[in-house]
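What follows is each chain in one-letter form.
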Amino acid sequence: MLPLFLLLSVLAFLDGPYAVPGPDITGRWRPDMRRRLSSIGSNRLKSRHALEGIVTNLPPTNNSTIVSVAFASDRQTYYALAEVGKVSLRLALDTASSDLWLVSSDCTSSACNVPKYPLAFESPTFISVNSNATAFNVSYADSTSAQGFVAQETVTLGNLTVANQAFGLVTTSDVRFTDQVSGVLGLGFPRLSSIAHNAVNATPFFASMAQEGQLDYPLFGMSLTRDSSGTLAFGAIDGTVVTNRSLIEWNEVVPFAPFAAESNSSSYLQWALVLSGLSVNGTAVAPEPTYPVQTLNSSLALLDVGTAGIYGPFQDVSRIFSLISGARLVDDGAGQWVVPCDTEETMAFNFGGRDFVLQPTDYLIGPASGNPNLCLSWPRASPPSTDGIDWQLGSPFLRTVFGIDTKEPPMVGFYPLANTTAPVTPESAASVASFLASYSATVATTLPNFLLPTPSPTVPAYTFNTSVPASRGEVVRSGLATSTYKPLLAAKHSNATALPAITPSPTVATFIITDTSGHTLTSVSTAPQVSVTLGVPEGWTVNGAPRTRADWRSAIVGLCAGALLWGFV
């Protein structure tokens, strides 16, 4: 399986990870652009000293962090723990939207049966916006939506804190979460934010830290796994994952023209890149863009951690599966193909001239219960999107890389976690079968016993104003990090080795002790983990009973002991 580390050079976070204790294959978190457009119509920022002194292996400062990322039991959502006004809540991560929103205690629908932000707490850092009369609305491509109002609150991830952060407090929602997740943390560009368009001083969380110079460097990076061992780093890259920064493949983010009369200039909208090529077992498949004139004959790919699958246009997906023996289309409405479960074929997505390879255990969804020798597979084909984005690469792809997003100018760096050399050794049929069995991946469905023709969807009108150019390689200053950062990743003179790195604190340490007689004793020690109650402010009541001072004293003593232990290791 091919794990990648995704580096996004736009904004960043801090250090101090929390331990977080048949798949639905819809792409949940991509915003419905056409619905959102109806809601889209600067303050002076703090300055900071230029980031001049970053060198390789320079110890990180307090302006970066790493937090733990867990994969939810629905196998769709990655989430992290945040503190909002002293209330600990789990937030789903999404790189295809920009707003932070939470379920509030005023939401009583069945979808809101999760830990909530308690309005009755009357947090001292809560700030009302327009007497709670500024509406918040968000809708997603699966037709779910949430509504409420905009407010401001202090938000902390790891050891990074943003005061007066604008966010949505939801009072009505049919967006359903699992694993006690209470909302969404959008990591996209400010232009995509509905809150930023409806309220003043309402820059999204990641952009706010970058623009105010709160980060060692304006970037975030994600390492995604199939359990709770993933990480999200802000301000620096995870030094335990990225061990050779020269292997990072950097790609420029594509700017987009304005929507109709939105403005008279292009700007950054999504974490979208030019997809250079596709291949199956080394046989090339040239991407065919849906809007070749508008996208300069380039196929665009959106990197979306909030989507649990891989989606592409019918004209590309059909040609991919034509190269896999035994593959066939089984649902023309959903664009779903199946392949033999014992396939050993690899798929590759090429960015910047480098192939990033997926093994069968990366792209197979699982066996069909009625046809156990055939497996549902990614990618699925989807109808044309009016924004010109043909490909949506979610967690099956992003788990194969460490991704880094930066904002000076915006770039995405892929660091392959496996299959870094060519040729790639394919997985055996036995190893694929073992994985599918251990992952309990069987999908409850019976496949049709006849062949389906590949649809040819009608191409709708392009969304953006084509009279305004959106050229590759241009640097659009709006929405980027503060100019006090010294760019390290200029296209022609990238200096990835100068990026700051951060290492998470260990949770387990092994000690080997030799006594005076020469006898050796091995001891394993586990650091205490932070214990929180979701949706309940520290010191507030739990089921009507206030927590005692002794409860908090015990927790503090445990944490201090842990800090002392690790300080001496």
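Whatever comes next refers back to the structure up there.
Right, let's walk through the structure included here.

Rules behind the numbers
- Residues numbered from 1 in each chain as written.
- Predicted model: local features only at pLDDT ≥ 70, side-chain atom pairs only at ≥ 80, totals over all residues.
- Heavy atoms only, no water.
- Pairing = 2+ DSSP bridges.
- Helix = DSSP H or I, 4+ residues; strand = E, 2+ residues; numbered from the N terminus.
- Axes fitted to C-alpha atoms, helices over the stretch in contact; angles between N-to-C directions.
- Core = buried A, V, L, I, M, F, W, Y, C linked by side-chain atoms within 4.5 Å.
- Buried < 20%, exposed > 50% of the residue type's maximum accessible area, 1.4 Å probe, protein only.
- Phe/Tyr/Trp six-rings, centres within 6.5 Å; stacked < 30°, edge-to-face > 60°.
- Lys NZ or Arg CZ within 6 Å of the ring centre and 35° of its normal.
- Arc of directions from axis to C-beta.
- Contact = heavy atoms within 4.5 Å.

All right, on to the sheet that holds strand β18 (residues 277-280) then. The strand order across the open sheet formed by four strands is β19-β18-β24-β25, and the pairing between neighbours is antiparallel. Only two strands of the sheet have a single neighbouring strand rather than two, namely β19 (283-285) and β25 (354-358). The sheet shows a mean angle of 30° between the axes of neighbouring strands, taken without regard to direction. Sheet topology places β18 next to β19; three bridges connect them, and they run antiparallel.

This paragraph deals with the nonpolar core. F234, F349, F351, W391 and F397 are the most contacted members of the largest nonpolar core, which has 86 residues in total. W101, A146, F177 and V181 belong to the second-largest nonpolar core, a separate cluster that totals 24 residues.

One can expect most non-glycine residues to show negative phi and most peptide bonds to be in trans. P379 follows W378 through a cis peptide bond whose omega is 0°. Mapped onto the fold, P379 is located in the loop between β27 (371-377) and β28 (380-382). Look at S131: it is not a glycine, yet its phi comes out positive at around 55°. If you trace the backbone, S131 turns up in the loop between β6 (127-128) and β7 (135-139). Judged by its relative accessible area of 69%, S131 is exposed.

This part is about the packing of aromatic side chains. Summed over the entire model, instances satisfying the criterion amount to 25 aromatic pairs. The interplanar angle of 85° and the centroid separation of 4.5 Å between the aromatic rings of F206 and F220 together place this pair among those described as edge-to-face. Of this pair, F206 sits in helix α3 (residues 205-211) while F220 sits in strand β11 (residues 219-223), and the two are 14 residues apart along the sequence. Under the relative-accessibility criterion, F206 is labelled buried at 1%. Judged by centre distance (5.3 Å) and plane angle (40°), the rings of F256 and F464 are tilted. Note that F256 is positioned in strand β15 (residues 255-256) and F464 in the loop between α7 (429-438) and β32 (501-502), a separation of 208 residues in sequence. As far as burial versus exposure is concerned, F256 and F464 are alike and both buried. Through successive ring pairs, a cluster of aromatic residues spans F189, F205, F206, F220, F234, Y268 and W271. Looking at R191, its charged tip hangs above the ring of F259, at a distance of 5.0 Å from the centre.

With that out of the way, let us pick up α7. Residues of α7 that are buried include every one of V432, F435 and L436, and no others. The buried side chains of α7 occupy one side of the element, clustering within an arc of 95° when seen end-on. In α7, those exposed residues whose orientation departs by more than 90 degrees from the buried face are A430, A437 and S438. Residues of α7 that are buried in the fold lie against α5 (360-363), β26 (364-368) and β27. One or two steps after α7, the chain reaches S440, where phi turns positive at roughly 50°.

Here F351 is to be found in strand β24 (residues 347-351). Separated by 50 residues in sequence, F351 and A301 place their C-alpha atoms 9.8 Å apart. When near neighbours in sequence (up to four residues on either side) are disregarded, F351 contacts E249, N251, L273, V274, L275, S276, A301, F356, L393, F397 and F414.

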